[in-house]
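Commentary on secondary and tertiary structure
Below are the chains, spelled out letter by letter.
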Amino acid sequence: RIDFLFRPPPPQAMAAVNDRGLPSGVVVALGRARAVAEKKSKLYGEHKLFAELFLQDFVVPSQKQHQPDYHRRYGHRHYMVALQDVANRKSKMIEIDLDDVEHFLNEHPAPEFLTQLQENVQTYREFFVEACVKLMPAPDSDAVGAESVHDIYARSDLIHEGDTSAAPSDDPREGMPIANKCRFDVYFTPLSSARPQSLRTINASQIGGLVTLDCVVTRVGPVRPKLCVAAYKCDKCQRKLWQVITGSSYMPLNECATPSCVKNKLSKAPMLTLKLSKLVKCQEAIVQEPSHQVPKGNVPITRKVVMVGEIVRSILPGDAITLTGVWQPKSNEGYEAVITGTMPEMYIAAEHIRQCKQGHVGADEGELQQEVLKAHRDPNIYERLAKSIAPEIYGHEDAKKALLLLLVGGTPISRQDGMKIRGDLHVLLMGDPGVAKSQLLRQVCQIAPRAVFTTGKGTSGVGLTAAVVRDPVTQEVTLEGGALVMADRGVCCIDEFDKMDENDRTAIHEVMEQQTISIAKGGITTVLNARASVLAAANPAYGRYNTDLSPVANMNLPESLLSRFDLQFLMLDKAEPEHDMQLAHHIGAVHRDGAVTRRELDFDPVSAEFMRAYVRTAKTYNPVVPAELATEVVAQYANLRTTERDTDADSRKSYTTPRMLLAMLRMSQAIARLQFKDHVERGDFLEAMRLMQASKETVYRDVTGDMTGENLVAAVYDEIRKLHVGQDGSLDMLDIERRVGTKFGNEALQTTLLEYEEIGVWTVSDDRKLLRFVQ
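In this text the structure is predicted, and so the values were computed from the model without any measurement.

Some details on the overall build of the chain
Counting its secondary structure elements, the chain contains 28 helices and 24 strands. Relative to its 775 residues, the chain shows a buried fraction of 45%.

Here it is as structure tokens:
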């Protein structure tokens, strides 16, 4: 508390000052200080009454009233309903919304109340706690659970055990602190108009006041009990003694201070009684300023956050949060105070935590929810969302669709026998430098509700998995999660994937398939969850991609690691006059207007907030594969394996594995999720097949790009012939267009269809939907 500066000196002291003949200027200054202190004391008295009036009379504004929130006794008096829930043991916290205080001040003016509350939080918290204790109603018929020891003791008339002759002034109940009489905590929610500041801008003028910060959680400690009020019992007089603990350490009582023990000189160290003491949940965390707030050439600043009470377990490593708390110094005593000297350790006492980038639709985001429900009916929503990922980047339509499916993911499967099949997708972007791979990774980090970005050269195996650290408080050996652990249930983006050390890269193998990290180091053996989608970007081993070599040789990555990626996209920088002209025109438009405009696009891009909300809503659906579609999936997989088996080993650039079958199913479920469906349809599976084939065909683009005339027509015919292997019936033209047209182009496909139809090799139906080979 800082109000000790305003305590007025007693009148006797002022008279003594005059008698000692001090200069008149000093006397005047002391008189002014006394007047200011008296005004401050009067203001505090008024504010204490206002706090009680606010809790008792505040009514929720009419625009926020909802019929389910109506209380049969208190109506829409929000804080009286909250107090009744506390009395009924349904809640243990009361959140004072400063927006409600501001609204109440419009009808009941109280000078400087809101300003003083934000500058001196601890003092005004005591005002509200005292008001809550005074206004606390009795439990009603809705009460749950049994009374605690503190409840029984607080209202008991028989406090002394065996000593009923004690005077009322000696009643230890009078010394019972108010913290032991209440079972709730009071927190303050910041104003909605408060703008978050950077960790670097906190200064000494904000000590003791509310600060609102944008930060990222890097470490979260375990929840431990913290002693707030120590209760003692004297063996001689059987009295109860109380000690309020405000700092991180305390000195236990070494003698009984009751008059009877002092008079008889029987004082002895009282015994600590934990049953009557008050212990609260306490958790420490480390937060770091976001990367976009770090000045160039500086190291990110970290701060310690202390959460007490019901606010614990509300954050996890990797969360991007808006934190509101009290900026205050740590009170040290004894030897710790000697070490710290005049520069105490500062920390933030958490008051309110709001998750950023959640993407969920709450009660205050009704308009966004309506937009999401309206947009999913659009038949082109899949293409529109994919193109909205980094619209400033030209092209890469299939790669953007893959990134969209990575954000949504498939449905994870867990069996009773413990077997788990992941639903997260892994995507690898590889290719020439300067094709916007890193920009795509950054865009995914911005859209994903939870994402961690790292680079291969600056990341070690310990930085990806977990590190053994020693807790500075308890000196215990604990684990600190790395990038993959912090990205649990999110996306882990790894740039420069090919530049990682081979020993460090092996740590990803288990994560990408089992989605766990097994740790056996420092005497700790455990398994950490790493249920994250991995999005990696790699450059060729020799500067530019050599199409004569396999992807394994170009990327210098092991086949065991490449097979774990569901999709691998090769992004080449080819010299094509038409493509280069369009790319240059697009880049010129971006630099001319500062951003790509609606005029330059053939669609209306959506915002990152809308896409985040859409993805979060889509992930609530768990589509299943129907039995009739499962048969076709099996046939298609067998056909792919047969086709690749008959292909010359020297010309084969990739190989279909059982992992690719699971990848196609995951992509089919992700596409169904985007359309808010509970089952996978045939069109979803065909699009997944097309995307899988498109990712493979990127390797062949340079080979087919040089084909002209008869060679190109013959290549298209051979590809259609491969589709017909193992099938007795007709071929779906939609399937042909997706799998062959993507590889050779629609013009070459139509030319081949017409030429071979004229010579009677196959026939095409009148509606151009089926193709049948002539026997």
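Having seen the structure, we can now continue with the description.
Description of the side chain of Asp 488
Tracing the chain through its elements places Asp 488 in the loop between α15 (483-486) and β17 (491-495). Beyond its immediate sequence surroundings of up to four residues, Asp 488 is in contact with Arg 450, Asn 529, Ala 530 and Arg 531.

Some words on the nonpolar core
Grouped together as the largest cluster of nonpolar side chains are 61 residues, with contacts concentrated most on Leu 385, Leu 405, Val 491, Leu 535, Tyr 614 and Met 667. Not counting chain neighbours up to four residues away, the residues in contact with Val 491 comprise Leu 406, Leu 407, Val 444, Ala 448, Arg 450, Ala 451, Val 452, Ser 533 and Leu 535. Among the nonpolar cores identified, the runner-up in size contains 41 residues, and Ala 110, Val 129, Cys 132 and Val 306 belong to it.

A few points about the state of the cysteines
Tallying each qualifying case throughout the model produces 0 disulfides. Summary of cysteine pairing: Cys 282 is not part of a disulfide, and the nearest cysteine sulfur, belonging to Cys 228, is at 8.3 Å.

Thoughts on the environment of Asp 378
Relative to the assigned elements, Asp 378 resides in the loop between α10 (366-375) and α11 (381-387). As a C-alpha pair, Asp 378 and Gln 675 span 297 residues in sequence and 9.0 Å in three-dimensional space.

Re the confidence of the model for the chain
Per-residue pLDDT for the chain has a mean of 78; in total, 79% of the residues score no lower than 70. Mean pLDDT across the elements of the chain ranges from a minimum in helix α25 (residues 701-705), with 46, to a maximum in strand β2 (residues 185-189), with 92. Confidence over residues 1-6 falls short of pLDDT 50; this stretch has 7 contacts with residues more than four positions distant or in other chains. Long-range and interchain partners of residues 702-706, a stretch whose pLDDT sits below 50, account for 6 contacts in this model, where long-range means more than four residues apart.

Re the sheet that holds strand β24 (residues 770-773)
Strand order in the open sheet formed by 3 strands is β22-β24-β23, and the pairing between neighbours is antiparallel. Either end of the sheet is taken by a strand with one partner, and the two such strands are β22 (731-732) and β23 (762-764). Alignment of β23 against β24, held across 3 bridges, turns out to be antiparallel. The residue bridging Thr 763 from the neighbouring strand is Arg 772, located in β24. Along the sheet, helix α28 (residues 746-758) contacts β23 and β24; its crossing angle with β23, the most-contacted strand, is approximately 120°.

Concerning the packing of helix α23 (residues 658-674) against helix α24 (residues 682-697)
Direction vectors running N to C along α23 and α24 enclose 125°, while the axes themselves pass 8 Å from each other. Considering their axes alone, α23 and α24 lie oblique with respect to each other. Classified by chirality, the crossing of α24 by α23 is right-handed. Residues Met 660, Ala 663, Met 664, Met 667, Ser 668, Ile 671 and Ala 672 of α23 form the contact with α24, whose participating residues are Asp 684, Phe 685, Glu 687, Ala 688, Met 689, Leu 691, Met 692 and Lys 696. Here the contact of α23 with α24 is composed, by residue class, of 11 nonpolar, 1 polar and 3 charged.

Notes on the pairing of β2
Most of β2 is tucked away, with 4 of its 5 residues classed as buried. In this structure, strand β1 (residues 93-97) lies alongside β2, joined through 5 bridges in parallel fashion. Its bridge partner being in β2, Asp 97 is matched across the sheet by Thr 189.

Here's the deal with α23
Taking 1.5 Å of rise per residue, 17 residues should cover 24 Å, and α23 covers 25 Å from first to last C-alpha, within 8% of that figure. Of all 17 residues making up α23, 12 are buried, and the element is well covered by its neighbours. Those residues of α23 not exposed but buried are Met 660, Ala 663, Met 664, Arg 666, Met 667, Ser 668, Gln 669, Ala 670, Ile 671, Ala 672, Arg 673 and Leu 674. Phe 676 lies just past α23 and shows a positive phi near 55°.

Thoughts on the pattern of salt bridges
Per the counting criterion, the structure on display carries 22 salt bridges. Put simply, Asp 566 and Arg 666 hold a salt bridge, and the shortest N to O gap is 2.9 Å. One end of the pair, Asp 566, is in the loop between α19 (559-562) and β21 (567-571); the other, Arg 666, is in helix α23, and 100 residues separate them in sequence. Grouping residues by exposure puts Asp 566 and Arg 666 together as buried. Two residues, Lys 677 and Asp 684, come together in a salt bridge whose shortest N-O distance is 2.8 Å. Using a relative accessible area of 12% as the deciding quantity, one classes Lys 677 as buried.

Here's the deal with the environment of Arg 384
Turning to its location among the elements, Arg 384 is positioned in helix α11. Arg 384 gets classed as partly exposed once you look at its relative accessible area, which sits at 26%. Separated by 220 residues in sequence, Arg 384 and Asp 604 have C-alpha atoms that sit 7.7 Å apart.

With respect to helix α4 (residues 98-107)
All of the buried residues in α4 are Leu 98, Asp 100, Val 101, Phe 104 and Leu 105. Projected down its long axis, α4 shows its buried positions confined to an angular sector of 145°, all on one face. Exposed and facing more than 90 degrees away from the buried side of α4 are Asn 106 and Glu 107. Sitting at the head of α4, Asp 97 places a side-chain oxygen 3.0 Å from the backbone nitrogen of Asp 99.

Some remarks on unusual backbone geometry
With phi around 60°, Arg 89 is a residue other than glycine that occupies positive phi space. By the secondary structure assignment, Arg 89 is in the loop between α3 (78-87) and β1. Phi is positive for Phe 676, close to 55°, though the residue is something other than glycine. Mapped onto the elements of the fold, Phe 676 is located in the loop between α23 and α24.

Brief notes about a nonpolar patch on the surface
Among the surface-exposed residues, Tyr 250, Leu 272, Leu 274 and Leu 279 lie close enough to one another that they form a single nonpolar patch of about 350 Å² accessible area. Relative to the assigned elements, Tyr 250 resides in the loop between β5 (240-244) and α8 (259-264).

Thoughts on the sheet that holds strand β13 (residues 427-431)
Paired through backbone hydrogen bonds, the strands of a sheet run either parallel or antiparallel to each other. Spatial ordering of the open sheet is given by β14-β17-β20-β13-β21, a layout of 5 strands whose pairing is parallel. Across the chains shown, the open sheet's two edge strands, defined by having one partner strand only, are β14 (451-455) and β21. Neighbour to neighbour, the strand axes of the sheet diverge by 15° on average, direction disregarded. Here β13 pairs with strand β20 (residues 533-538) via 4 bridges, running parallel. Across the sheet, Leu 428 pairs through a bridge with Ala 536, a residue of β20.

With respect to the packing of aromatic side chains
Following the criterion strictly, the structure yields 22 aromatic pairs and no others. Aromatic pair Phe 50 and Phe 104: ring centres 5.6 Å apart, planes at 55°, arrangement tilted. Residue Phe 50 is found in helix α2 (residues 24-57), and its partner Phe 104 is found in helix α4; the two are separated by 54 residues along the sequence. Using a relative accessible area of 6% as the deciding quantity, one classes Phe 50 as buried. When its relative accessible area of 3% is taken as the criterion, Phe 104 is described as buried. Seen in terms of ring centroids, Tyr 614 and Phe 676 are 5.0 Å apart; in terms of plane orientation they differ by 25°. Their pairing is stacked. One end of the pair, Tyr 614, is in helix α21 (residues 608-618); the other, Phe 676, is in the loop between α23 and α24, and 62 residues separate them in sequence.

Regarding the environment of Pro 344
Following the sequence through the fold, Pro 344 ends up in the loop between α9 (335-340) and β10 (346-355). Judged by its relative accessible area of 37%, Pro 344 is partly exposed. In this structure, the C-alpha to C-alpha distance between Pro 344 and Ser 331, residues 13 residues apart in sequence, is 7.6 Å. Leaving out residues up to four positions away in the same chain, Pro 344 has contacts with Pro 329 and Lys 330.

Quick notes on the rules
- Residues numbered from 1 in each chain as written.
- Predicted model: local features only at pLDDT ≥ 70, side-chain atom pairs only at ≥ 80, totals over all residues.
- Heavy atoms only, no water.
- Helix = DSSP H or I, 4+ residues; strand = E, 2+ residues; numbered from the N terminus.
- Buried < 20%, exposed > 50% of the residue type's maximum accessible area, 1.4 Å probe, protein only.
- Contact = heavy atoms within 4.5 Å.
- Core = buried A, V, L, I, M, F, W, Y, C linked by side-chain atoms within 4.5 Å.
- Disulfide = S-S within 2.5 Å.
- pLDDT = per-residue confidence, 0-100.
- Pairing = 2+ DSSP bridges.
- Axes fitted to C-alpha atoms, helices over the stretch in contact; angles between N-to-C directions.
- Parallel < 35°, antiparallel > 145°, perpendicular 65-115°, else oblique.
- Left-handed = near helix turned anticlockwise from the far one by under 90°.
- Nonpolar A, V, L, I, M, F, W, Y, C, P; charged D, E, K, R; others polar.
- Expected span 1.5 Å × (residues − 1).
- Salt bridge = Lys/Arg side-chain N within 4 Å of Asp/Glu carboxyl O.
- Arc of directions from axis to C-beta.
- Polar contact = N/O pair within 3.5 Å; in protein donor to acceptor, adjacent residues only side chain to side chain.
- Patch = residues over 30% accessible without salt bridge, like charges linked within 9 Å, V, L, I, M, F, W, Y side chains within 5 Å.
- Areas by Shrake-Rupley, 256 points an atom, 1.4 Å probe, with all protein chains shown as cover.
- Phe/Tyr/Trp six-rings, centres within 6.5 Å; stacked < 30°, edge-to-face > 60°.

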